[in-house]
2 protein chains.
Amino acid sequence: MSIPVFYEPNPIASPFLSEDESIHAHRVLRLKAGDPIFILNGKGQKFEAKIDQSTSKKTSFYQLKEIENADKPTYAIHLWIAPTKQMERMEWMVEKCAEFGIQSIGFFHSRYSERKEIKTHRLEKIVISALKQSKNLFLPIINPIVSFKELVHQMENKPVEQKLFAYISEPPSPSLSKSIQLNRAYHILIGPEGDFSQEESEALLASDWTPFSLGRAILRTETAGLAATHAIHLLHEN
Amino acid sequence: MSIPVFYEPNPIASPFLSEDESIHAHRVLRLKAGDPIFILNGKGQKFEAKIDQSTSKKTSFYQLKEIENADKPTYAIHLWIAPTKQMERMEWMVEKCAEFGIQSIGFFHSRYSERKEIKTHRLEKIVISALKQSKNLFLPIINPIVSFKELVHQMENKPVEQKLFAYISEPPSPSLSKSIQLNRAYHILIGPEGDFSQEESEALLASDWTPFSLGRAILRTETAGLAATHAIHLLHEN
């Protein structure tokens, strides 16, 4: 059997698994004292340890030893997306972006949004599960929903980063491969199915957001989010 | 209101929408005689027409006129995948691959497969719906499940096409960008979560399949299928 992997943000400070992880260790995997485990802190480190006491409330471990410490990636992807009506579509996208690797996923609502609020609790569980499955070492951050205006305003104070928004226009905007400079922090904005309003698109252009195209096909919101994330990874491939 | 789009493989031979499409036209959209519609034949042509009689069994149209006739793409992606246990994951992947555009999606079962059979009826509905939504003009073909052996055998008689399989190895295989020649027909094989057996990998190598890597992260089967499809499109981007 392969050694099970757990997520615990501060294993050095506190040698216990969270309640969720303890339930998994105790009830699902039925781990016992002395069983080996791996622990990810979601900040680049991987540890090995041994189960001390396992209960479904609180599982403790000992002999913690760092076995991997990854450098921060040379680029960072921050996705900002207008959530779809069907929550399932966002859950899928979050899972896939976390598999590919992503710094953060945040949400905004704009004029033609299909959904003005979103609960992030399940999404946080999804990124933890994808972290463990994908062997990535950095846990994506899930940011709560903000209004389009707030988001554009927040970003005005981040001049060194690349700000890009998916834009359907005729003629089409340049593709991501033509728009990004390598090894930066990218903030990628994906609008709702009903698109940005004229006013919103103009506000983005005025605020130094660069429009980009994702190709000829019209992609659904969640597909656009993962296509942009995947394209940026491919552009950094050696 | 935007003009609704329907799929009908032979609108010239038979001026009727299928029962599924008729239900949509009649009950959901409540179209009436004289209303304009678009029709895709899934083979590169787009037509405009007008509703003649609309019933939920059989909707007829008239004044059919071709308005677009796309050339076949210069490259073709044929994905062969070992279906996942959860059917939902395959449905989602098929939808996304159809949005990006794909020639065909077929299934196979191999030694460590999680699923030995798969019903394709729902998948055929999904590709039709993605065709209409994405504005692609070619309907992906869904191929029924075959055994790994049959598939490898079938492909032995197709020497001019590029045959590639996703392979997790140390050191990693070259990426798709290094493995494909542009403007070909690609047959891409994605194994089950339990991977190909040693014997199967050897059979693929012996039968001139090229191994490729999808990057450092370990992707789920369905994510690997869509990542490969998307990567090939990006490599053909102008």
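Structural notes, computed from the coordinates. Since the model is a prediction, treat every value here as computed from it, not as a measurement.

## Concerning the overall build of chain A
And step 1. When you go through chain A residue by residue, the secondary structure sums to seven helices and 11 strands.
And step 2. By principal-axis analysis of the C-alpha atoms, chain A measures approximately 65 × 35 × 35 Å.
And step 3. Put simply, chain A has 238 residues, and 53% of those count as buried.
And step 4. Nonlocal contacts in chain A, meaning residues at least 24 apart in sequence, comprise 72% of its contacts between residues at least 6 apart.
And step 5. Split by element, the accessible area of chain A, about 11,800 Å² in all, is 51% carbon and sulfur.
And step 6. For chain A, the distance from the average position of its 28 positive side-chain charges to the average position of its 29 negative side-chain charges is 5 Å.

## A few points about the sheet that holds strand β5 (residues 59-69) of chain A
Residue and element names in this part refer to chain A.
And step 1. As summarised here, the arrangement of the five strands in space is β1-β3-β4-β5-β2, forming an open sheet in which the pairing is mixed. In this open sheet, the two strands that pair with only one neighbour each are β1 (5-7) and β2 (16-17).
And step 2. Alignment of strand β3 (residues 36-40) against strand β4 (residues 45-51), held across five bridges, turns out to be antiparallel. Bridged to phenylalanine 38 within β4 is glutamate 48.
And step 3. Each of β1 and β3 is contacted by helix α3 (residues 121-134), which is oriented at about 145° to β1, the strand it contacts most.

## With respect to the packing of helix α2 (residues 87-100) of chain A against helix α2 (residues 87-100) of chain B
And step 1. Relative orientation of the contacting elements α2(A) and α2(B) amounts to 85°, with a least axis distance of 12 Å. As summarised for this structure, α2(A) and α2(B) are arranged roughly perpendicular, according to the angle between their axes. Residues Glu88(A), Arg89(A), Trp92(A), Glu95(A) and Lys96(A) of α2(A) touch α2(B), and the partners they reach there are Glu88(B), Arg89(B), Trp92(B), Glu95(B) and Lys96(B).
And step 2. Along the lines of polarity and charge, the residues of the contact of α2(A) with α2(B) split into two nonpolar, no polar and eight charged.

What counts and how
- Residues numbered from 1 in each chain as written.
- Chains lettered and ligands numbered in written order.
- Predicted model: local features only at pLDDT ≥ 70, side-chain atom pairs only at ≥ 80, totals over all residues.
- Heavy atoms only, no water.
- Helix = DSSP H or I, 4+ residues; strand = E, 2+ residues; numbered from the N terminus.
- Buried < 20%, exposed > 50% of the residue type's maximum accessible area, 1.4 Å probe, protein only.
- Contact = heavy atoms within 4.5 Å.
- Areas by Shrake-Rupley, 256 points an atom, 1.4 Å probe, with all protein chains shown as cover.
- Lys, Arg positive; Asp, Glu negative; His and termini not counted.
- Charge placed at Lys NZ, Arg CZ, Asp CG, Glu CD.
- Pairing = 2+ DSSP bridges.
- Axes fitted to C-alpha atoms, helices over the stretch in contact; angles between N-to-C directions.
- Parallel < 35°, antiparallel > 145°, perpendicular 65-115°, else oblique.
- Nonpolar A, V, L, I, M, F, W, Y, C, P; charged D, E, K, R; others polar.

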